[in-house]
Amino acid sequence: MNGLVAADRTPHPGLLALKHQMQPLKAALEDNALVLTNRFDFTDLSTAATVHWQRLLDGNAVESGTLDIPATPPGARARLELPAEAMASNDDGEQFLTLSYRTRADAPFIDKGFEIGWDQFRLSGSWAADAPMPGAAPEVVTDSDQIQVSGKGWHMSFSKQTGRLDEWVFEDMPLANGARPNLSRATTDNDRGAGYGSDRDGPLSDLDQWNAISDDWKPEVSVRSLKENGPVQVIADGPLANDRAMLSIVYDVHPDGSLEVSVNYRAKDQLPALPRVGMLWTLDASLDRIRWYGPGPGPTYSDRNFERIGVYETTLMEDWVDYSRPQENGNKTGVRWMQLTDSKGNGLLVQSVGDVPLSCNPLPWNPARIEATDYSWQLPAPRAAFLNIDLAQM
């Protein structure tokens, strides 16, 4: 039932991925020129399309233009020189060249300017996260249940029993109502076809035990100050799956109220395939506006990563894909940063630290609720926003 289009012919993300794979022309970047390959069977590229290019700096267009394609018969190649402004400059930051192939004239079922394909090339540079602002060292107060860390205009609370972040408030605004380790996700139709779940008989039938494993985690929790006027470190470390694995979460709480989180999983024995290793954040329902720098605007996964890198925005409900059965969807790989904000633009900013971008999945429902629901109409009105942050997922 969950094919390339919905019952009302709304395209599913898989259709857009298929369109990219089957597009009628492809480009290769050679020095300062494009080498275009005509994949049409009967049409010359010069009459079919024009090339619209953009040079992006940290996801935003700084230069753009249009190029005509020379005569290129079916199956042939053509070389197209690029203007100097299309190539990398000396600007700091990450630079990409994005190409959009658009129809040259009206045709049956297709208007002039319709995009029939695209390509993107990395030119130079890299993206870097903002450094925390310096300030007075955070204050730490502990009792038998909680570790309270606070500074000017903000505070955080961590559970000594679970190692979870229970509360994060900045200037009287709740940024997070909880953050916990997450080793699983809602199933997909492909998972079910492969035998995923305890009610199935297949190679993935034991994957759903990861829900209970992460719920049952009882770490040792400690706190320490790294240096004068530096961050406070809250560490949760302990065994998983009857001591067959170890999980460690390190929260670096900086003086400006920002939080750096590191998650480390180490298997000590043969265990079922791991759906994901990351954190599930529970946010206020008002944080339903999503903006991010990475591949988009459609969802991306490790095995379906056919989207252009740029800056995109949507909402939680617009991002939700209404499959015939609710399931995992809406993930974004390669995320450099992501914002979840309210209608006034206030909210949470997530940034990748280091050279490896994040995998982020904002959802209007808890994955456990999605997993337990057979039809979309059974899902209640969203009462919170949920954000999975990890490196990758199965």
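Residues numbered from 1 in each chain as written. Predicted model: local features only at pLDDT ≥ 70, side-chain atom pairs only at ≥ 80, totals over all residues. Heavy atoms only, no water.

Engineer: When you look at the environment of Lys-344 in this model, what are you seeing that I'm missing?
Structural biologist: Along the chain, Lys-344 turns up in the loop between strand 22 (337-341) and strand 23 (347-351). Between the C-alpha atom of Lys-344 and that of Glu-94, which follows or precedes it by 250 residues, the distance is 29 Å. (Helix = DSSP H or I, 4+ residues; strand = E, 2+ residues; numbered from the N terminus.)

Engineer: Teacher, can you tell me more about helix 1 (residues 13-21) here?
Structural biologist: Along an α-helix, residues three or four positions apart point the same way, because every turn accommodates 3.6 residues. Looking only at helix 1, the buried set comprises Pro-13, Ala-17 and His-20. For helix 1, the angular spread of the buried residues around the axis is 60°, confining them to a single face. Where the residues of helix 1 are buried, they touch strand 1 (25-30) and strand 7 (115-124). (Buried < 20%, exposed > 50% of the residue type's maximum accessible area, 1.4 Å probe, protein only. Arc of directions from axis to C-beta. Contact = heavy atoms within 4.5 Å.)

Engineer: Can you help me understand the nonpolar core in this one?
Structural biologist: One recurring pattern in soluble globular proteins: nonpolar side chains tend to sit buried together. Core analysis: the largest hydrophobic core is formed by 46 residues, its most contacted members being Phe-158, Leu-165, Trp-168, Leu-259, Trp-281, Leu-283 and Leu-387. Counting residues per element, this core draws most heavily on strand 16 (residues 245-253), at five residues. If we skip the residues at most four places from it in the chain, Leu-387 touches Met-279, Leu-280, Trp-281, Leu-283, Met-338, Leu-340, Val-350, Cys-360, Asn-361 and Pro-362. Ranked by size, the runner-up nonpolar core spans 20 residues in total, among them Leu-36, Ala-49, Ile-69 and Leu-123. (Core = buried A, V, L, I, M, F, W, Y, C linked by side-chain atoms within 4.5 Å.)

Engineer: Help me understand the packing of aromatic side chains in this model?
Structural biologist: How two aromatic rings sit relative to each other is given by the distance of their centres and the angle of their planes. Enumeration over the complete set of coordinates arrives at six aromatic pairs. Ring geometry for Trp-168 against Trp-281: centres 6.4 Å apart, planes inclined by 50°, an arrangement best described as tilted. On the criterion of sequence distance, the pair formed by Trp-168 in strand 11 (residues 165-170) and Trp-281 in strand 18 (residues 276-284) is long-range, its members being 113 residues apart. Ring geometry for Tyr-375 versus Trp-377: centroids 6.4 Å apart, planes at 10°, classification stacked. With a relative accessible area of 46%, Tyr-375 lands in the partly exposed category. The exposure class of Trp-377 is exposed, given its relative accessible area of 69%. The positively charged end of Lys-332 is found above the aromatic ring belonging to Trp-292, 4.6 Å away from the centroid. Note that Arg-336 overlies the ring of Tyr-293, its terminal NZ or CZ placed 5.5 Å from the centroid. (Phe/Tyr/Trp six-rings, centres within 6.5 Å; stacked < 30°, edge-to-face > 60°. Lys NZ or Arg CZ within 6 Å of the ring centre and 35° of its normal.)

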